[in-house]
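The chain contents come next:
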Amino acid sequence: MLSRDSDIDSRLTIPPTDWYQSLTAAGLRNPKVHGPARYWLQVEGSFTRALQKQCSRSFHVEVRREGFATPTQEEARHLGIPHRQFAWIREVSLCGDNQPWVLARTVIPLNCLEGEGRRLLHLGNRPLGAYLFTSPHWRRGPLETGLCNPALPGQPELARRSLFSGHNSSLLVGEYLLPALFQRSTL
């Protein structure tokens, strides 16, 4: 039998996700994108900053795993890198008031880690957005909406992602919305 902590940890995984180029296209498949999640799927600017505004006490980033690994075939195709090429992959929980609200997965190809990009290897518990939105070199591309295929209750059902481009390279940031975000949200 799993302990409560293990059970919670198993739900905090990113399920397989189908991606759509627009909120409208995703909404044809799942009307939940037009409910409480709509605001979060369309937030412009720093997602972290928007989450921090919802906190009544505290916000923090918990690193779940990071290191060199192989992206999924779909991620590699989206980034335009060879499928078997390693990338720096960072998965974190974005926690508001000591509760995970969002899971984030960033895939950073090797060519992004040159020069100033080496800082991406050493973010620790600092939010990625603090780096991307303060650097004049990175530009966000269009947001895509994701419909997740959760295997366990409590896993994300909806997500968003975008490419950030700069220095002749791109990295992929995905944000997977946990149900706790909607239970707490005051929007």
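Owing to the predicted nature of the structure, the values given are computational and were not obtained by experimental measurement.

Parameters at a glance
- Counting from 1, residues in each chain are numbered in the order their sequence is written.
- With the structure being a predicted model, the display of local features is reserved for residues of pLDDT at least 70 and the display and counting of side-chain atom pairs for 80 or more, all residues being used for whole-chain, interface and lining totals.
- Side-chain numbers come from the whole structure's heavy atoms, not from hydrogens or water.
- Elements are defined by DSSP. Helices are runs of H or I of four residues or more, strands are runs of E of two residues or more, and each kind is numbered from the N terminus.
- Radius of gyration here is computed from C-alpha atoms only, and the compact-globule reference equals 2.2 Å multiplied by the residue count raised to the power 0.38.
- With residues, only the protein chains shown are counted as cover, and all accessible areas are computed by Shrake-Rupley using a 1.4 Å probe.
- Residues scored as positive are Lys and Arg, those scored as negative are Asp and Glu, and His as well as the terminal groups of each chain are ignored.
- A charged residue contributes its charge at one atom only: NZ of Lys, CZ of Arg, CG of Asp or CD of Glu.
- UniProt positions are given in the numbering used here, feature names are shortened, and annotations may be inferred rather than shown by experiment.
- By definition in these notes, contact holds between two residues if any of their heavy atoms fall within 4.5 Å.
- Contacts described as polar in this section are N or O atom pairs within 3.5 Å, which, within protein, must combine one atom able to donate a hydrogen with one able to accept it, while residues neighboring in sequence count only if both atoms come from side chains.
- Three exposure classes are used, based on accessible area relative to the maximum for each residue type with a 1.4 Å probe and protein chains only: buried under 20%, partly exposed in between, and exposed over 50%.
- Here, a salt bridge means any side-chain nitrogen of Lys or Arg that lies within 4 Å of a carboxyl oxygen of Asp or Glu.
- An arc is given here, and it is the one of the directions from the helix axis to the C-beta atoms.

1. Thoughts on the overall build of the chain
Alright, step 1. A tally of helices and strands in the chain yields 7 helices and 8 strands.
Alright, step 2. Radius of gyration (C-alpha) of the chain: 16 Å, near the 16 Å computed for a compact globule of 187 residues.
Alright, step 3. A principal-axis box enclosing the C-alpha atoms of the chain has dimensions of 40 × 35 × 35 Å.
Alright, step 4. In the form shown here, the chain has an accessible surface area of approximately 9900 Å², with 51% of it arising from carbon and sulfur atoms.
Alright, step 5. Charge separation in the chain, taken as the distance between the mean sites of 22 positive and 16 negative side-chain charges, equals 4 Å.

2. As for the UniProt feature "binding site: substrate" (unreviewed entry) in the chain
Alright, step 1. In the numbering adopted here, UniProt assigns the feature "binding site: substrate" (unreviewed entry) to Arg-90, Leu-128 and Glu-175. In summary, the annotated positions, though distributed over 86 residues, converge in three dimensions, the widest C-alpha pair being only 11.8 Å.
Alright, step 2. Here Arg-90 is to be found in strand 3 (residues 87–96).
Alright, step 3. Residues contacting Arg-90, with those up to four places away along its chain left out, are Val-61, Val-63, Arg-65, Glu-66, Ala-104, Arg-105, Thr-106, Leu-123, Gly-124, Arg-126 and Leu-128.
Alright, step 4. A polar atom in the side chain of Arg-90 sits 2.9 Å from the backbone oxygen of Gly-124.
Alright, step 5. Within the secondary structure, Glu-175 is located in strand 8 (residues 169–177).
Alright, step 6. Under the relative-accessibility criterion, Glu-175 is labelled buried at 7%.
Alright, step 7. Setting aside its immediate chain neighbours within four residues, Glu-175 contacts Phe-47, Val-102, Leu-103, Ala-104, Arg-140, Leu-158, Ala-159 and Arg-160.

3. Quick notes on the pattern of salt bridges
Alright, step 1. Per the stated rule, a full pass over the model turns up 9 salt bridges.
Alright, step 2. The salt bridge involving Glu-157 is made with Lys-32; its shortest N-O contact spans 2.6 Å. Of this pair, Glu-157 sits in the loop between strand 6 (144–148) and strand 7 (158–166) while Lys-32 sits in the loop between helix 2 (23–29) and helix 3 (37–42), and the two are 125 residues apart along the sequence.
Alright, step 3. On the accessibility criterion, Glu-157 (31% relative accessible area) is partly exposed.
Alright, step 4. Ionic pairing is found between Arg-77 and Glu-74, a salt bridge with its closest N-O pair at 3.8 Å. Highlighted residues: Arg-77 and Glu-74, both in helix 5 (residues 73–79), separated by 3 residues, approximately one helical turn.
Alright, step 5. By relative accessible area, which is 60% here, Arg-77 ends up exposed.
Alright, step 6. Residues participating in the shared-partner salt-bridge network are Arg-65, Glu-75, Glu-91 and Arg-105.

4. Some remarks on the environment of Cys-112
Alright, step 1. On the secondary structure map, Cys-112 appears in the loop between strand 4 (99–109) and helix 6 (128–132).
Alright, step 2. Owing to a relative accessible area of 3%, Cys-112 belongs among the buried residues under this scheme.
Alright, step 3. C-alpha separation for the pair Cys-112 and Ser-169, spaced 57 residues apart in sequence, amounts to 5.8 Å.
Alright, step 4. In contact with Cys-112, not counting residues within four places along its chain, are Gly-117, Leu-120, Trp-138, Ser-169, Ser-170 and Leu-171.

5. Focus: the side chain of Thr-48
Alright, step 1. Along the polypeptide, Thr-48 turns up in helix 4 (residues 47–54).
Alright, step 2. Aside from chain neighbours lying at most four places away, what touches Thr-48 is Phe-59 and Pro-127.

6. Some details on helix 4
Alright, step 1. Where helix 4 is concerned, the buried positions are Phe-47, Thr-48, Ala-50, Leu-51 and Gln-54. Burial along helix 4 is one-sided: seen end-on, the buried residues are contained in an arc of 160 degrees. Exposed side of helix 4, more than 90 degrees from the buried face: Arg-49 and Lys-53 are the residues found there.
Alright, step 2. Between a side-chain oxygen at the N-terminus of helix 4 and the backbone nitrogen of Thr-48 the separation is 3.4 Å; the capping residue is Ser-46.

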